[in-house]
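Single-letter residue listing:
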Amino acid sequence: MSVLIHTLHLDLDMKLLTSLSKIDRFDAGWASIEKRESFSLLQLKAIATIESIGASTRIEGSLITDDEVALLIEQFSSATLDKRDEQEVIGYYEAMDLITENYKEIDISENQIKFIHHVLLKYVEKDQWHRGSYKQVSNVVAADM
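No experiment lies behind these values; they were computed from the predicted model shown.

Caption draft 1: Local environment of the environment of Ser77. Along the polypeptide, Ser77 turns up in the loop between helix 2 (66–74) and helix 3 (84–102). Residue classification places Ser77 among the partly exposed residues on the basis of a relative accessible area of 29%. Expressed as a C-alpha distance, the spacing of Ser77 and Ile90, which sit 13 residues apart in the sequence, is 9.5 Å.

Structure representation (structure tokens):
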């Protein structure tokens, strides 16, 4: 068995200490920037989510505004979902959340797509007959009044 041991001799002069100090200050500053940027990214994600849900459900005939989408998501309770628009919004929100939080683990496969479709329509009573499966009839877009 062979053991090799080195002894390092380091002269800590002012130039080296100043450089180490700058690196340490940069590291602390970077942590602060990361924390602030992380918060900004979360805010942007929330805005994009609300606008996407609002726009996508309006394409399907929903009359719900982005402000109403935000309020519904914030105050969600499955007991409060009386209207189809509300049911669609919460299903869409849960499907988007599932995808954004698990995109690395989700395989693009027919079964995964059907599962996400099931989540999407989870609260929509009118569409329970085809949750997670293919439609067998034509699509009719109509808003509940």
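Read on, since the account is not over.
Caption draft 2: Expanded view of the environment of Thr49. For Thr49, the location among the structural elements is in helix 1 (residues 14–59). Overall, Thr49 belongs to the buried group, its relative accessible area being 12%. Thr49 sits 44 residues away from Tyr93 along the chain, and the two C-alpha atoms are 7.6 Å apart. Once residues within four sequence positions are removed from consideration, Thr49 is found in contact with Tyr93 and Met96. In this structure the side chain of Thr49 is engaged in a polar contact, spanning 2.7 Å, whose partner is the backbone oxygen of Lys45.

Caption draft 3: Structural detail: helix 2. Turning to helix 2, its buried residues number three or more, namely Val69, Leu72 and Ile73. One face of helix 2 carries all of its buried residues, which in axial projection span an arc of 95 degrees. In helix 2, the exposed residues that point more than 90 degrees away from the buried face are Asp67 and Glu74. Next to the buried residues of helix 2 lie helix 1 and helix 3.

Caption draft 4: Quick peek at the packing of aromatic side chains. Enumeration according to the criterion identifies one aromatic pair in this entry. When the centroid spacing of 5.5 Å and the interplanar angle of 70 degrees are considered together, the rings of Phe76 and Tyr123 count as edge-to-face. Taken together, the residues span a long stretch of sequence, with Phe76 in the loop between helix 2 and helix 3 and Tyr123 in the segment after helix 4 (110–120) at a distance of 47 residues.

Caption draft 5: Spotlight on the packing of helix 1 against helix 2. Running from N to C, helix 1 and helix 2 cross one another at 115 degrees; their axes reach a closest spacing of 9 Å. Along this stretch, helix 1 crosses helix 2, giving a crossing that reads as right-handed. Listed contacts from helix 2 to Ile50, Glu51, Ile53, Gly54, Ala55 and Arg58 of helix 1 are Asp66, Val69, Ala70 and Ile73. Here the residues of the contact of helix 1 with helix 2 sort into six nonpolar, one polar and three charged.

Caption draft 6: Fine view of the pattern of salt bridges. Under the criterion given, the structure shown has six salt bridges. Put simply, Asp127 and Arg84 hold a salt bridge, and the shortest N to O gap is 3.0 Å. Of the two residues, Asp127 sits in the segment after helix 4 while Arg84 sits in helix 3, which places them 43 residues apart along the sequence. On the accessibility criterion, Asp127 (10% relative accessible area) is buried. Overall, the relative accessible area of 15% leaves Arg84 in the buried class. Notably, a salt bridge pairs Glu110 with Lys114, separated by 3.7 Å at the nearest N-O pair. Taken together, the residues span about one helical turn, with Glu110 and Lys114 both in helix 4 at a distance of four residues. Judged by relative accessible area, which is 45%, Glu110 ranks as partly exposed. Its relative accessible area of 27% is what places Lys114 among the partly exposed residues.

What counts, and where the lines are drawn
- Residues numbered from 1 in each chain as written.
- Predicted model: local features only at pLDDT ≥ 70, side-chain atom pairs only at ≥ 80, totals over all residues.
- Heavy atoms only, no water.
- Helix = DSSP H or I, 4+ residues; strand = E, 2+ residues; numbered from the N terminus.
- Buried < 20%, exposed > 50% of the residue type's maximum accessible area, 1.4 Å probe, protein only.
- Contact = heavy atoms within 4.5 Å.
- Polar contact = N/O pair within 3.5 Å; in protein donor to acceptor, adjacent residues only side chain to side chain.
- Arc of directions from axis to C-beta.
- Phe/Tyr/Trp six-rings, centres within 6.5 Å; stacked < 30°, edge-to-face > 60°.
- Axes fitted to C-alpha atoms, helices over the stretch in contact; angles between N-to-C directions.
- Left-handed = near helix turned anticlockwise from the far one by under 90°.
- Nonpolar A, V, L, I, M, F, W, Y, C, P; charged D, E, K, R; others polar.
- Salt bridge = Lys/Arg side-chain N within 4 Å of Asp/Glu carboxyl O.

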